[in-house]
Amino acid sequence: MTLRLATAGESHGPALVAILSGLPAGLELDRDAIDGDLRRRQQGYGRSPRQQIEQDAVEVLAGLRHGRTLGTPLALVVRNADHRNWTWGMAPWPPEGEPSGKGTKPVTLPRPGHADLAGVLKYGHEDVRNALERASARHTAVHVAAGAVAKALLATIGLAVAGSVADEEALRAAIDEARAERDTVGGVVEVRATGVPPGLGSYATKDDRLDARLAFALMGIQAVKGVEIGDGFALAELRGSEAHDEIRTDRRRDTNRAGGIEAGVSNGEEIVVRAAMKPLPTLMKPLGSVDLATGEEAAALVERSDVAAVEALAVVAEAAVAWELAVAARDKFGGDAIRDFVAAHASYLERIEWH
Ligand SMILES: Cc1cc2nc3c(=O)[nH]c(=O)nc-3n(C[C@H](O)[C@H](O)[C@H](O)COP(=O)(O)O)c2cc1C
């Protein structure tokens, strides 16, 4: 059974939900580790006050008993504390009583760079909120929870995944400047995975290739506009003699320009991927737009927003890479019980004499 992830939830609805299926039974999960990652996602220089309203924590509705997975779908919930201000505005059923709280008036001023315009056109909404609520990156919270579960699975076979901001100092200076000018910035994050055995992924088709799957997963995160594996774009400037990693007699490499993946398959070196994030599109000094109700020129919607979320992206990207590596490891090592999974990994390393 392969690992699968389905999610649901709006930014100001009651909760975000994830269902993870295909996890081996008997995997030990640590609530503090999951909540710790949720908190890491909320921190970072340049975040908005929303992060003080939300104190994310995971609730488990199914699939776990006394801290161990049952081999059945694992249902995770992360509640939106801010929903208390939106009970009328985001009510699932026609709300009773006078409108109160937030979200009571339709939004008609689409923000450039967001799902707002394409979303209302595509789905036939009149209120931009019906598009922006699901498109919001608040949704990344449950992906981070799923990533924490993936990291627990990977840890049983010695894999670790860590995301970071490529240049933290420069980013913080750029955030200070942008904040003073009521503007926003983006940046670059890097994710590294260690302990990856050779042989995850495959070389023929795009849905098997590990590099393609990582790029797909990273590009699936809001605001990511570029992905590179290993030296990525810089490789295009090099000669072949400078661009590849020579193989030693112990089958390891002294360089890692390939970022741990050759021909869509992990080669046993550290996996290194980077993702470029665009500047956040909600601006306190809004760009030009159109009022969809009147057809007149208007400034785009101004809504509480971050100056930057690059540090948060590092955590979300780490979760996305962890999830894809867990899928690839599960595909390779199988296992209905966690012991089968671990044993298959050990036996494979023995066969290829990889230490
Ligand atoms: C962790 C994270 C936090 C984000 N926070 C904001 C935000 O506060 N304000 C904003 O305008 N965009 C934010 N974004 C980006 C938007 O969600 C994203 O740009 C938008 O949904 C359009 O999608 P696209 O950039 O992939 O085209 C965030 C993205 C991430 C990954």
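These numbers come from a predicted model, not from an experiment.

K.L.:
Explain the packing of aromatic side chains to me, using residue names and the numbers behind them.
P.N.:
Applying the stated rule across the entire model yields two aromatic pairs. Here the aromatic rings of Phe333 and Tyr348 are separated by 5.8 Å at their centres, their planes lie at 55°, and the arrangement is tilted. With Phe333 in helix H10 (residues 310–333) and Tyr348 in helix H11 (residues 338–351), this pair connects stretches of sequence that are 15 residues apart. In this structure, Phe333 and Tyr348 share a single accessibility class: buried. For Arg179, the ring lying beneath its charged end belongs to Tyr45, and the centroid distance is 5.9 Å. Over the ring of Tyr348 we find Lys332; its NZ or CZ atom is 3.9 Å from the centre of that ring.

K.L.:
Please give an account of the pattern of salt bridges that cites residues and values.
P.N.:
For the structure shown, the criterion picks out 25 salt bridges. Here Glu59 makes a salt bridge to Arg79, at a shortest N to O gap of 2.8 Å. You can see Glu59 sitting in strand E3 (residues 58–62) and its partner Arg79 sitting in strand E6 (residues 74–79), a full 20 residues away along the chain. Judged by its relative accessible area of 46%, Arg79 is partly exposed. Ionic pairing is found between Arg213 and Glu324, a salt bridge with its closest N-O pair at 3.8 Å. Residue Arg213 is located in helix H7 (residues 210–219), and its partner Glu324 is located in helix H10; the two are separated by 111 residues in the primary sequence. You'll find Arg213 and Glu324 in the same group, each marked buried.

K.L.:
Before we move on, can you summarise unusual backbone geometry with the specific residues and values?
P.N.:
Its identity as a non-glycine residue notwithstanding, His66 has a phi of 55°, on the positive side. Structurally, the position occupied by His66 is in the loop between strand E4 (64–65) and strand E5 (68–69). According to the relative accessible area criterion, His66 is exposed, its value standing at 74%. Positive phi is not limited to glycine here, since Ala223 has a value of about 80°. Relative to the helices and strands, Ala223 resides in the loop between H7 and strand E9 (224–229).

K.L.:
Before we move on, could you go through the site of the ligand and cite the residues and values that matter?
P.N.:
Around the ligand, the structure places 18 residues, and the nearest of them are His114, Ala223, Lys278, Thr282 and Ser305. Within the side chain of Ser305, an N or O atom sits 2.6 Å from a nitrogen atom of the ligand. Because more than half of its atoms lie within 2 Å of the grid, the ligand is assigned to the largest pocket. Of the residues belonging to the shell around the ligand, the class tally is nine nonpolar, five polar and four charged.

K.L.:
Requested: an account of the side chain of Asp245, with residues and values cited.
P.N.:
Structurally, Asp245 can be placed in the loop between helix H9 (240–243) and strand E10 (261–262). Here Asp245 occupies a buried position and makes no salt bridge, while the nearest side chain of opposite charge, Arg257, is found at 4.3 Å. Engagement of the side chain of Asp245 in a polar contact is seen with the side chain of Thr255, the distance being 2.6 Å. Only 3.0 Å separates the side chain of Asp245 from the backbone nitrogen of Ala258, close enough to count as a polar contact.

K.L.:
Can you lay out the side chain of Arg41 for me, pointing to particular residues and giving the numbers?
P.N.:
Looking at the element boundaries, Arg41 is found in helix H1 (residues 31–42). For Arg41, a relative accessible area of 3% corresponds to the buried category.

Reading guide: rules and limits
Residues numbered from 1 in each chain as written. Predicted model: local features only at pLDDT ≥ 70, side-chain atom pairs only at ≥ 80, totals over all residues. Heavy atoms only, no water. Phe/Tyr/Trp six-rings, centres within 6.5 Å; stacked < 30°, edge-to-face > 60°. Helix = DSSP H or I, 4+ residues; strand = E, 2+ residues; numbered from the N terminus. Buried < 20%, exposed > 50% of the residue type's maximum accessible area, 1.4 Å probe, protein only. Lys NZ or Arg CZ within 6 Å of the ring centre and 35° of its normal. Salt bridge = Lys/Arg side-chain N within 4 Å of Asp/Glu carboxyl O. Near = heavy atom within 4 Å. Polar contact = N/O pair within 3.5 Å; in protein donor to acceptor, adjacent residues only side chain to side chain. 1 Å grid on protein atoms, 1.4 Å probe; cavity = no way out; pocket = protein on both sides within 12 Å on 5 of 7 lines; lining within 4 Å. Sits in = over half its atoms within 2 Å of the grid points. Nonpolar A, V, L, I, M, F, W, Y, C, P; charged D, E, K, R; others polar. Lys, Arg positive; Asp, Glu negative; His and termini not counted.

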